[in-house]
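Inside the fold
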Amino acid sequence: MAREPGAATAGEPVIASAADAANEPRVVAFGRLLGAAGGLEYLLGRAIEREFGISHAMFEVLLLLGRAGAPLPMREISQARVLTTGGVTRLVDRMEAAGLVRREVSSRDGRVHLVALTAEGDAMAARAARMHACNVQRYMLDALPEADRETVMKGLAVLSRSARAALPQMP
């Protein structure tokens, strides 16, 4: 027998209306996560732009390169930032024009373009991260009961790894 459109199968919640959907606990939880992330992205991203003149996306690429400790292929930056190849190219173009990164050709494969931090990019990452860490404390961690902060941070790490593992590989 064919399943009726919108009908629940074993293990699925019964959602028969928009009101049911809006009040389903998992849907509500995800909406809260998105709302918190969007609000924090706005507050923290605007602070970085105002103070340092770089976008939050640029700051995240600087952190990615700093974490790697070595130049990264454009494809890897694209995958980590969930950007199209065109999107990452435009972002890196702006960062290169600002003196934050430089492009290099891989010595192992001449078709691969690497992105490396410049001294200016390294210094910018450090300056921006000092302010960013204070803002994360102020707007995110201080909003939580102190006893829950470590658990929330560990849970976010698990969610991040899980989402990253589920993403399709970028071409």
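For the structure, check the block above.
What comes next is a walk through the structure. (Residues numbered from 1 in each chain as written. Predicted model: local features only at pLDDT ≥ 70, side-chain atom pairs only at ≥ 80, totals over all residues. Heavy atoms only, no water.)

1. Some thoughts on the layout of surface pockets
The volume enclosed by the largest pocket comes to roughly 1,800 Å³. Mapped onto the lining of the largest pocket, the elements with two or more residues apiece are helix H2 (25-52), helix H3 (56-68), helix H4 (74-81), helix H6 (119-139) and helix H7 (149-166). Looking at the lining of the largest pocket, the element that brings in the most residues is H7, giving 9 residues. A breakdown of the residues in the lining of the largest pocket according to their chemical character gives 26 nonpolar, 4 polar and 7 charged. (1 Å grid on protein atoms, 1.4 Å probe; cavity = no way out; pocket = protein on both sides within 12 Å on 5 of 7 lines; lining within 4 Å. Points joined across faces, edges and corners; volume = space filled by probe spheres on them. Helix = DSSP H or I, 4+ residues; strand = E, 2+ residues; numbered from the N terminus. Nonpolar A, V, L, I, M, F, W, Y, C, P; charged D, E, K, R; others polar.)

2. A short note on the nonpolar core
One finds Ile54, Leu62, Leu65, Ile77, Met95, Leu100 and Val101 to be the most contacted residues of the largest nonpolar core, which totals 23 residues. Secondary-structure elements contributing two or more residues to this core are H2, H3, H4, helix H5 (85-97), strand E3 (113-117) and H6. Looking at which element gives the most residues to this core, the answer is H3, with 6 residues. In contact with Leu65, not counting residues within four places along its chain, are Ala70, Leu72, Ile77, Val101, Val115, Ala116 and Leu117. (Core = buried A, V, L, I, M, F, W, Y, C linked by side-chain atoms within 4.5 Å. Buried < 20%, exposed > 50% of the residue type's maximum accessible area, 1.4 Å probe, protein only. Contact = heavy atoms within 4.5 Å.)

3. Thoughts on the environment of Tyr139
Along the chain, the position of Tyr139 falls in helix H6. Look at Tyr139 and you get partly exposed, because its relative accessible area is 30%. Separated by 100 residues in sequence, Tyr139 and Gly39 place their C-alpha atoms 9.6 Å apart. Setting aside residues no more than four positions away along its own chain, Tyr139 makes contact with Leu40, Leu43 and Leu44. Reaching out from Tyr139, the side chain makes a polar contact with the side chain of Arg138 at a distance of 3.0 Å. (Polar contact = N/O pair within 3.5 Å; in protein donor to acceptor, adjacent residues only side chain to side chain.)

4. Details of the pairing of E3
A large share of E3 lies buried, amounting to 4 of its 5 residues. Both strand E1 (residues 72-73) and E3 contribute to a ladder of 2 bridges, which runs antiparallel. What sits directly across from Pro73, in E3, is Leu114. Of the strand pairs in this sheet, strand E2 (residues 101-105) and E3 are connected by 5 bridges, and their pairing is antiparallel. In the sheet register, Val105 faces E3, and the bridge partner there is His113. (Pairing = 2+ DSSP bridges.)

5. Let's talk about the sheet that holds E1
Pairing within the open sheet is antiparallel, and its 3 strands lie in the order E1-E3-E2. Either end of the sheet is taken by a strand with one partner, and the two such strands are E1 and E2. Across the sheet, H3 lies against E1, E2 and E3, angled at about 90 degrees from E3, the strand it touches most. (Axes fitted to C-alpha atoms, helices over the stretch in contact; angles between N-to-C directions.)

6. Details of the packing of H3 against H5
Any two packed helices are characterised by the angle at which their axes cross and by the distance between the axes. At a closest axis distance of 11 Å, the pairing of H3 and H5 adopts a crossing angle of 85 degrees. Taken as axis vectors, H3 and H5 run roughly perpendicular relative to one another. Here Ala57, Met58, Val61 and Leu62 of H3 lie close against H5, whose contacting residues are Leu91, Arg94 and Met95. Residue composition of the contact of H3 with H5, by class: 6 nonpolar, no polar and 1 charged. (Parallel < 35°, antiparallel > 145°, perpendicular 65-115°, else oblique.)

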